[in-house]
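Each chain, written out:
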Amino acid sequence: MPLEIVRNDITKMSVDAIVNAANESLLGGGGVDGAIHRAAGSGLLKECKTLGGCKTGKAKITGGYSLPAKYVIHTVGPIYQDGKHGEQALLESCYRESLSLASANGCRSVAFPLISSGVYGYPKDQALRVAINVISDFLLENEMKVYIVIFDKASYKIGEKLFADIAEYIDDNYVEAHFDFRFESVRMSMPCGHKSSNSGRSVFETRSLSESVERDSLGEKLKQLDESFSQMLLRKIDEKGITDAQCYKKANIDRKLFSKIRGDIHYKPSKPTVIAFAVALELSLAETEELLKKAGFALSHSNKFDIIIEYFIVRGNYNVFEINEALFAFDQCLLGA
Ligand code: ADP
């Protein structure tokens, strides 16, 4: 997944560059700046002293010293006043300048804290939105792995109204221990990642259909296999008139994974991967169900992940990053992971 939101201490990230939310002096401060200087050791401050400070919205690069990261990119976020003093443009500039500096220095992976969202007072949900928008725009044109590092759960919140809306939708639709027998012989809908290790199949699988198929007609049936997941995906991409790259980037899916799917008509993707493509292709709920079925999955009201996905699809909101924010807020695994 080219953009990932993770919960971590940024000083522990093993990436090519971490970004520091610095102040204009570049001589260290509190918050994430202090944590980075402490973890990097005194060599970092020594180098920072040679840089002559940095203007708000700009970025400068140094070595990473004792950090796992090779570089530190220091950027200075705006102090938030009321949102009417050019704060957003300056914050966007921080992300853009840092990404272009990372790119110019050959970085393939970069981790950002939520710049300006601490002492500088930028509302966290808006700060996150800015980060996601600028980074996802950049990733449409560039190959890089970018992390937004959230320090603690409390520092992360999607808009309160959205959170309340989704919580209500889950309450209305959640069915405990609900089993959906609409699709016989179809993998039961599972929380993501719960696959057996070698076959990519779920541990739950009903067998009634396969048992009822007469043995001598099985060969015939197998010859008439339906369109596979990979075939349906490629067909939908053509029908939508978009390129492969537009599709996998919008799905926040890695190019290598997409090539694997393209090259293997029997490829068995994970459930979040299927849904990420459904979202990128802006499929209706019925089409999403069909694509899921091709990969042996179904949407169910017995898990929150599915209900959150349904919430966005029925509202025609196909922004994979917004969906991932909501999934993150509800402790679910993310699309494209
Ligand atoms: P600013 O002055 O730009 O607001 P802060 O350092 O005060 O910078 O906070 C920026 C964000 O970094 C805040 O959301 C804060 O919770 C977060 N943060 C603080 N320490 C760390 C850390 N070690 N790793 C990742 N994020 C951190």
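Computed from a prediction, not measured in an experiment: that's the story for all the values here.

A. Region of the structure containing the site of the ligand. Close contacts around the ligand come from 15 residues, with Val 32, Ser 116, Ser 117, Gly 118 and Val 119 the closest. In the model, an oxygen atom of the ligand is placed 2.8 Å from a nitrogen or oxygen of the Ser 116 main chain. Note that an oxygen atom of the ligand is positioned 2.6 Å from one of the side-chain N or O atoms of Ser 117. Out of a free accessible area of 560 Å², the ligand has 90% covered by protein chains. With three residues, the top contributor of residues to the shell around the ligand is helix H1 (residues 31-40). Looking at side-chain class alone, the shell around the ligand contains eight nonpolar, five polar and two charged residues.

B. Representation of helix H12 (residues 285-294) within the structure. Of all the residues in H12, the buried ones are Thr 288, Glu 289, Leu 291, Leu 292 and Lys 294. The secondary structure elements touched by the buried residues of H12 are helix H8 (229-240), helix H11 (271-280) and helix H13 (304-314). Taken from the residues just after H12, Gly 296 is the one with a positive phi, measuring 85°.

C. Focus on the pattern of salt bridges. Overall, the coordinates contain 14 salt bridges when judged by the stated rule. As a salt-bridge pair, Glu 97 and Lys 58 come within 3.9 Å of each other at their nearest N and O atoms. With Glu 97 in helix H3 (residues 87-104) and Lys 58 in the loop between helix H2 (42-49) and strand S3 (59-63), the pair connects residues that are 39 residues apart, well separated along the chain. Given a relative accessible area of 41%, Lys 58 falls into the partly exposed group. Counted as one network, the salt bridges with shared partners bring together Glu 227, Arg 235, Lys 236, Glu 239 and Glu 287.

D. View of the packing of aromatic side chains. In the structure shown here, the tally under the stated rule is six aromatic pairs. Summarising the aromatic geometry, the rings of Tyr 95 and Phe 112 are spaced 4.9 Å apart at their centres and angled 45° between planes, so their arrangement reads as tilted. Of the two residues, Tyr 95 sits in helix H3 while Phe 112 sits in strand S5 (residues 109-113), which places them 17 residues apart along the sequence. Owing to a relative accessible area of 0%, Phe 112 belongs among the buried residues under this scheme. A centroid spacing of 6.0 Å and a plane angle of 55° characterise the contact between Phe 258 and Phe 277, whose relative ring orientation is tilted. Of this pair, Phe 258 sits in helix H10 (residues 255-263) while Phe 277 is found in helix H11, placing the two residues 19 residues apart along the sequence. Here Phe 258 matches Phe 277 in class, with each residue buried. By the ring-pair criterion, three or more aromatic residues cluster together here, those being Tyr 169, Tyr 311 and Phe 312.

E. Expanded view of the sheet that holds S3. With respect to topology, six strands assemble into an open sheet ordered S1-S6-S5-S2-S4-S3, the strand pairing being mixed. Two strands bound the open sheet, and with one partner strand each, they are strand S1 (3-7) and S3. In this sheet, adjacent strand axes meet at a mean angle of 25° when their direction is disregarded. Judged from the two bridges that link them, strand S2 (residues 17-22) and S5 form a sheet pairing that is parallel. The residue of S5 that forms the bridge with Ala 17 is Val 110. Contacts from H3 reach S2, S3, strand S4 (71-76), S5 and strand S6 (145-150), with the element oriented near 155° to S4.

What counts, and where the lines are drawn
Residues numbered from 1 in each chain as written. Predicted model: local features only at pLDDT ≥ 70, side-chain atom pairs only at ≥ 80, totals over all residues. Heavy atoms only, no water. Near = heavy atom within 4 Å. Polar contact = N/O pair within 3.5 Å; in protein donor to acceptor, adjacent residues only side chain to side chain. Areas by Shrake-Rupley, 256 points an atom, 1.4 Å probe, with all protein chains shown as cover. Helix = DSSP H or I, 4+ residues; strand = E, 2+ residues; numbered from the N terminus. Nonpolar A, V, L, I, M, F, W, Y, C, P; charged D, E, K, R; others polar. Buried < 20%, exposed > 50% of the residue type's maximum accessible area, 1.4 Å probe, protein only. Contact = heavy atoms within 4.5 Å. Salt bridge = Lys/Arg side-chain N within 4 Å of Asp/Glu carboxyl O. Phe/Tyr/Trp six-rings, centres within 6.5 Å; stacked < 30°, edge-to-face > 60°. Pairing = 2+ DSSP bridges. Axes fitted to C-alpha atoms, helices over the stretch in contact; angles between N-to-C directions.

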